[in-house]
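# Descriptive analysis of the structure
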Amino acid sequence: MKVLREVLSRSNLILEVVDARFPDLTRVKMVERYAERTGKPLIIVLNKADLIPKEYAESWKKILSKDFPTVFVSTKERWGTRILRNTIKERRTHKPTYVGVVGYPNVGKSSLINVLVGRHVSGVSPRPGFTRGKQLVRLSRDVFLIDTPGVVENRDETFLLLVGGKDPSSSKNPELAAHILLTNLHAMGELPHKDLEEYAREKGFFLRGGIPDERRAAIDLLRRFQRGELSKTYDWLKNISAQ
Ligand SMILES: Nc1nc2c(ncn2[C@@H]2O[C@H](COP(=O)(O)OP(=O)(O)OP(=O)(O)O)[C@@H](O)[C@H]2O)c(=O)[nH]1
Ligand SMILES: [Mg+2]
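Notes on the structure follow. Because the structure is a prediction, the values reported are computed rather than measured. Per chain, residues are indexed from 1 in the order of the written sequence. Chain labels run from A onward and ligand labels from 1 onward, assigned in the order the entries are written. For this predicted model, a pLDDT threshold of at least 70 governs which residues receive local features, and a threshold of 80 or more governs which side-chain atom pairs are given and counted, while totals over whole chains, interfaces and linings are taken from all residues. Side-chain measures here rest on the full set of heavy atoms in the structure, leaving out hydrogens and waters.

### Describing the packing of aromatic side chains
Using the following cut-off: Aromatic rings from Phe, Tyr and Trp, taking only the six-membered ring of Trp, are treated as a pair when their centres fall within 6.5 Å; an angle between ring planes under 30 degrees marks them as stacked, one over 60 as edge-to-face, and anything in between as tilted. Helix numbering and strand numbering both begin at the N terminus, where a helix is a DSSP run of H or I of at least 4 residues and a strand a DSSP run of E of at least 2. Three labels apply to residues, based on accessible area from a 1.4 Å probe with only protein chains included: buried if under 20% of the type maximum, exposed if over 50%, partly exposed otherwise in between.
Taken as a whole and assessed by the stated rule, the structure comprises four aromatic pairs. Consider the rings of Phe22 and Tyr234, whose centres lie 5.5 Å apart with planes at 80 degrees: the pair is edge-to-face. Of this pair, Phe22 sits in the loop between strand E1 (13-19) and helix H2 (23-26) while Tyr234 sits in the loop between helix H10 (214-226) and helix H11 (237-242), placing them 212 residues apart in sequence. Per residue, the accessibility class of Phe22 equals that of Tyr234, and both read buried. Between Phe225 and Tyr234 the ring centres are 5.9 Å apart and the planes differ by 45 degrees, which places this aromatic pair in the tilted class. Look at Tyr234 and you get buried, because its relative accessible area is 4%. Taken together, the ring pairs in this structure connect Phe22, Phe225, Tyr234 and Trp236 into an aromatic cluster.

Shown next as structure tokens:
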């Protein structure tokens, strides 16, 4: 949080990176309030748009644009980066421009910086919580980007595991989130397994004595979901966040 505050105060434009699969769940309201309070321009970047249908991205863009200028990108497919660069130029109020790149862990902040700059300047990892400190990167003569560690507001662990904000292997109880995930995917017909035990058996995850390793099954299932390998529907997650 200290790093976030430093970066925000140093920035004169903010890129709020959210996961296009569940933008509303990965918005950082605290950062948006800060932008409103200080009058610093903020752009919402819906990243990982390759993981959702285009219409879904368009409709989210429409909804979020009511609050802040919004662009959708995929750093994987390199979509949208030109539009984003232009939006930064249009919206900036200061030169040189210091762009704070903030958002939940694992939404693709470092990946975004790499594609904007066009070379690998910031470490990327499927494990949430990868970027530790802040890092300043030059984008052009008068635009600098500041990478930050992911922000986690006070959310419960199950929620974070499901939206990719926490590394499942660092959780004491990944089984709970995995159970919720599995039950929902099974109900939607997207996963054949009834429970973690069955998933562990099929994957060949066993403890000594042939007991199915449900913890390992839970970690595997959550990782696959975080990477976008399992489901293309995310509406059911809304109920989780309300809990
Ligand atoms: N499918 C897809 N995956 C992406 C995209 N952008 C990033 N990723 C993946 O998401 C994971 C996290 O990317 P990072 O750039 O490390 O995310 P970050 O927000 O910097 O994460 P922290 O440093 O942990 O806060 C990596 O496995 C990336 O390959 C994208 O547009 N599409
Ligand atoms: Mg990072």
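Having seen the model, we can carry on.
### As for the site of ligand 1
To be explicit about the condition: By convention in this text, a residue qualifies as near a molecule or strand provided that one of its non-hydrogen atoms is within 4 Å of it. Two N or O atoms form a polar contact when they lie within 3.5 Å of each other; inside protein one atom must be a possible hydrogen donor and the other a possible acceptor, and for residues adjacent in sequence the pair counts only when both atoms belong to side chains. Computed with the Shrake-Rupley method and a 1.4 Å probe, the accessible areas treat only the protein chains shown as cover for residues.
Close to ligand 1 lie 23 residues; Asp50, Thr75, Lys109, Ser111 and Gly129 are nearest. Contact distances for ligand 1 include 3.0 Å between an oxygen atom and a backbone N or O atom of Asn106. Within the backbone of Val107, a nitrogen or oxygen atom sits 3.3 Å from an oxygen atom of ligand 1. With the chains in place, 89% of the 660 Å² that ligand 1 exposes on its own is no longer accessible. Here the shell around ligand 1 takes three residues from helix H6 (residues 109-117), the largest share from any one element.

Keep in mind these values describe shape, not function.
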